[in-house]
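Inside the fold
Letter by letter, the chains look like this.
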Amino acid sequence: MTRFLGPLDSAGRVPPLQQTRVASFLISAHGALARQLAVALPGQLKAGWQTELNAQLYRETEIVSLLMRATSWLPDFSLPYLVLSWEAAWLPKPVAGVADRKLAMTIDIAALGHAVHGAIRPAALLPVEASAEDPFVVALRRIEFESSRLIQAQIHFLKGEELRPVREAVSAAVEARHRQVGKLWAELLEGIGIGREANGE
């Protein structure tokens with residue numbers, strides 16, 4: 001097991017199989033967030049936190065588009081099973097203890113977003129020798145930069161006054177999503193020869 005992606009080729013590029021696995025996971029997670037946000041957000045925004053989540057909807061779509069174009073794809077016969085397991089994990093889980101079902105769904109979406117943007121640090125997988133001209137390398141760095149900004153949207157909503165009466169339920173939802181995302185990410189990395197310490201565990 002190693003801490004970084006590689007071994008890099010002579011041009012400093014990440015192996016295509018590793019690119020394919022990492023990109024597939026990230027596309028699955030960010031794509032799920034985009035789909036759920038598109039459904040959850042109302043046609044007419046009525047609260048300040050909704051504007052943040054609306055902006056996140058388009059950023060998630062941008063991340064998916066970037067990865068699809070920046071990745072050097074390789075056929076991987078294990079992907080159908082892996083993608084099915086990831087997609088099942090991202091399914092909405094309305095937060096228990098919240099009477100308003102739409103609000104309960106929105107809390108779960110924000111909790112999932114908080115986990116995806118907070119628990120996954122793709123740029124940390126890159127060795128210093130990775131080529132700054134490789135589109136995949138640039139994409140991972142861009143995604144991590146965007147995640148540090150996007151997580152503020154979840155924090156703004158999850159810590160808002162509107163959720164004060166259900167704060168314990170919100171905290172439990174966030175912790176559960178972090179455990180879930182962290183476990184799946186660690187399993188993915190182990191599958192491509194990267195140890196758990198690379199993910200800060």
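Residues numbered from 1 in each chain as written. Predicted model: local features only at pLDDT ≥ 70, side-chain atom pairs only at ≥ 80, totals over all residues. Heavy atoms only, no water.

1. What about the overall build of the protein?
Scanning the protein for helices and strands turns up 6 helices and 0 strands. When the helices and strands of the protein are listed from N to C terminus, the series reads α-α-α-α-α-α. In terms of overall dimensions, the protein is globule-like: its C-alpha atoms have a radius of gyration of 17 Å, near the 17 Å expected for 201 residues. Counting all 201 residues of the protein, 51% fall into the buried class. Considering only contacts in the protein between residues 6 or more positions apart, those separated by 24 or more positions represent 76%. The distance from the centre of the 21 positive side-chain charges to the centre of the 21 negative ones in the protein is 4 Å. (Helix = DSSP H or I, 4+ residues; strand = E, 2+ residues; numbered from the N terminus. Rg over C-alpha atoms; globule rule 2.2 N^0.38 Å. Buried < 20%, exposed > 50% of the residue type's maximum accessible area, 1.4 Å probe, protein only. Contact = heavy atoms within 4.5 Å. Lys, Arg positive; Asp, Glu negative; His and termini not counted. Charge placed at Lys NZ, Arg CZ, Asp CG, Glu CD.)

2. Quick notes on the side chain of T20
Its location among the elements puts T20 in helix α1 (residues 16-40). The class for T20 is buried, based on a relative accessible area of 1%. When neighbours within four sequence positions are excluded, T20 is seen to be in contact with T71, S72, W73, L74, D76 and L79.

3. Regarding the nonpolar core
By size, the foremost hydrophobic cluster in this structure holds 46 residues, and its most contacted members are L5, F25, L26, W90 and W185. Counting residues per element, the ones that place at least two in this core are α1, α2 (48-70), α3 (79-90), α4 (101-119), α5 (135-158) and α6 (167-191). In terms of residue count, α1 provides more of this core than any other element does, 11 residues in total. Formed by 15 residues, the second largest nonpolar core is a distinct cluster that contains A104, A110, A111 and A169. (Core = buried A, V, L, I, M, F, W, Y, C linked by side-chain atoms within 4.5 Å.)

4. Topic: α1
Over its 25 residues, α1 runs 35 Å from end to end, which matches the ideal 36 Å to within 8%, given 1.5 Å per residue. With respect to burial, α1 is a largely interior element, 20 of its 25 residues being buried. (Expected span 1.5 Å × (residues − 1).)

5. Describing the packing of aromatic side chains
Going through the model one piece at a time under the given rule, you end up with 3 aromatic pairs. A centroid spacing of 5.1 Å and a plane angle of 80° characterise the contact between F25 and W86, whose relative ring orientation is edge-to-face. You can see F25 sitting in helix α1 and its partner W86 sitting in helix α3, a full 61 residues away along the chain. Residues F25 and W86 agree in their burial class; the two are buried. Between F25 and W90 the ring centres are 5.8 Å apart and the planes differ by 80°, which places this aromatic pair in the edge-to-face class. Taken as a pair, F25 in helix α1 and W90 in helix α3 lie far apart in primary sequence, 65 residues in all. Every member of this aromatic cluster is reached through a ring pair, and the members are F25, W86, W90 and W185. (Phe/Tyr/Trp six-rings, centres within 6.5 Å; stacked < 30°, edge-to-face > 60°.)

6. Description of α4
Taking 1.5 Å of rise per residue, 19 residues should cover 27 Å, and α4 covers 26 Å from first to last C-alpha, within 8% of that figure. Across the 19 residues that make up α4, a large majority, 15, are buried. Capping the start of α4 is the job of one residue whose side-chain oxygen sits 3.0 Å from the backbone nitrogen of K102: D100. (Polar contact = N/O pair within 3.5 Å; in protein donor to acceptor, adjacent residues only side chain to side chain.)

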